[in-house]
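# Overview (structure and organization)
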Amino acid sequence: MGETLAKKNIDETCIVCEQPKTLGIHLFASFICSDCEKDIIQTDTNDPKYKYYINQLKSVIKPEIYS
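These lines cover the structure that appears in this document, whether it is placed above or below.

What counts and what doesn't
- Residues numbered from 1 in each chain as written.
- Predicted model: local features only at pLDDT ≥ 70, side-chain atom pairs only at ≥ 80, totals over all residues.
- Heavy atoms only, no water.
- Helix = DSSP H or I, 4+ residues; strand = E, 2+ residues; numbered from the N terminus.
- Buried < 20%, exposed > 50% of the residue type's maximum accessible area, 1.4 Å probe, protein only.
- Contact = heavy atoms within 4.5 Å.
- Areas by Shrake-Rupley, 256 points an atom, 1.4 Å probe, with all protein chains shown as cover.
- Pairing = 2+ DSSP bridges.

Along its length, the protein carries three helices and four strands. Each helix and strand of the protein, placed in order from N terminus to C terminus, yields the pattern α-β-β-β-β-α-α. Looking at the protein as a whole, 19% of its 67 residues qualify as buried. Here the contacts in the protein between residues at least 6 apart in sequence split such that 32% fall between residues at least 24 apart. Per element, the accessible surface of the protein, about 5500 Å² overall, is 55% carbon and sulfur.

Okay, structure coming up:
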């Protein structure tokens, strides 16, 4: 339990805003902070920011699966 609490206090760098944040989600091996996640969901596809988000999300690191 103590290990779980310690991990919550570690900042990770968001692949969208490139800022260290504590709260967010993991997409494969990449981290997206809660603020960016919310902005991505609420951004209309016609908004110029949408293209920026798409380009940033292209950097998501998909883990290799070896068989």
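Moving on from the model shown.
Covered by surrounding structure in strand β4 (residues 30-33) are Ser-30 and Ile-32 together with Phe-31 and Cys-33, the residues of both alternating faces. Alignment of strand β3 (residues 24-27) against β4, held across four bridges, turns out to be antiparallel. From the neighbouring strand, His-26 faces β4, where its bridge partner is Phe-31. The hairpin formed by β3 and β4 contains two residues between the paired strands, and Phe-28 there has a positive phi angle of roughly 60 degrees.

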